[in-house]
Amino acid sequence: MNLKMKIVTMSVLAGAGCASAPNYVYAPDQDFASPEREGNVIYLEKELPFAMEKVWEEVFQDFGAVANFSPEFVGSGYLSGSSLAVGAERYCHSKKDGSEGVHERVVFVDSEGDRREVQFQIVEALGVPINTEKTFGTSQLVRLDDHRTLFRIRFVFSTNPSFIALFARGQIRGQLNDMTLGMEHYLATGQTVTAENFDDIKAALASN
């Protein structure tokens, strides 16, 4: 069985090695507006040095363009819809032939005010041993000031068989972290992030 979990959210996308923003400590009921989900939970957050509107407009609103900032994906796009909206679906492929990756559907959007949120469900897993009925990502932006935004993600997943979750947790966390770093670079430069240039991007971010 393939234990390499090819899962990455929009959302997704902070993680180990990313400093948490001050004064924000995770609690299960901490101001997420979307429905709660049961399963294995990974929570990550990162302060981004960009205005909330910039992050929302350049990363969130084009739901199908996640491959622009994820080194895990070789391609992404829309299966249904053409922008961020409930019911929109995207493919996120880890292989060019489409044999590995995930398909995701938006199930909740809150786009108003200083706290914005998106929740999506993985509806098809290609080469990934997850229970799609119980796997959801929730991404949130919180305005800190005019130049800083807190990005938070709560990823709830279930595997099939269930014991694989023990092995998958670290892999998923690492992929979410990589996407977060890629998102920060993409917002700063507009350069598409790939597996080939990601090591240089990580080194540059670490030196800042």
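Residues numbered from 1 in each chain as written. Predicted model: local features only at pLDDT ≥ 70, side-chain atom pairs only at ≥ 80, totals over all residues. Heavy atoms only, no water.

**Describing the packing of aromatic side chains**
Argument step 1. Summed over the entire model, instances satisfying the criterion amount to 6 aromatic pairs.
Argument step 2. Seen in terms of ring centroids, Phe69 and Tyr186 are 6.2 Å apart; in terms of plane orientation they differ by 40°. Their pairing is tilted. Residue Phe69 is located in the loop between helix H1 (52-60) and strand E2 (75-80), and its partner Tyr186 is located in helix H2 (residues 165-189); the two are separated by 117 residues in the primary sequence. Tyr186 matches Phe69 in its accessibility class, with the two residues each being buried. (Phe/Tyr/Trp six-rings, centres within 6.5 Å; stacked < 30°, edge-to-face > 60°. Helix = DSSP H or I, 4+ residues; strand = E, 2+ residues; numbered from the N terminus. Buried < 20%, exposed > 50% of the residue type's maximum accessible area, 1.4 Å probe, protein only.)

**Notes on the packing of H2 against helix H3 (residues 198-207)**
Argument step 1. Packing of H2 against H3 brings their axes to within 10 Å, and their N-to-C directions diverge by 75°. The pairing of H2 with H3 is recorded here as roughly perpendicular in orientation. Each of Asp178, Leu181, Gly182, Glu184 and His185 in H2 lies in contact with H3, whose residues at this interface are Phe198, Ile201, Lys202 and Leu205.
Argument step 2. For the contact of H2 with H3, a count of residues per class yields 4 nonpolar, 2 polar and 3 charged. (Axes fitted to C-alpha atoms, helices over the stretch in contact; angles between N-to-C directions. Parallel < 35°, antiparallel > 145°, perpendicular 65-115°, else oblique. Contact = heavy atoms within 4.5 Å. Nonpolar A, V, L, I, M, F, W, Y, C, P; charged D, E, K, R; others polar.)

**Overview of the confidence of the model for the protein chain**
Argument step 1. With 86% of its residues at a pLDDT of 70 or more, the protein chain shows a mean pLDDT of 86.
Argument step 2. Note on residues 1-26: pLDDT is under 50 here. Beyond four places in sequence and across chains, it has 104 contacts. (pLDDT = per-residue confidence, 0-100.)

**Observations concerning the packing of H1 against H2**
A pair of packed helices can be characterised by two numbers: the angle between their axes and the separation between those axes.
Argument step 1. Interhelical geometry of H1 versus H2 gives an angle of 105° and a closest axis separation of 11 Å. Our classification of the angle between H1 and H2 gives roughly perpendicular. Together, Lys54, Val55, Glu58 and Val59 of H1 and Met183, Tyr186 and Leu187 of H2 make up the contact between the two elements.
Argument step 2. Residues that form the contact of H1 with H2 fall into these classes: 5 nonpolar, no polar and 2 charged.

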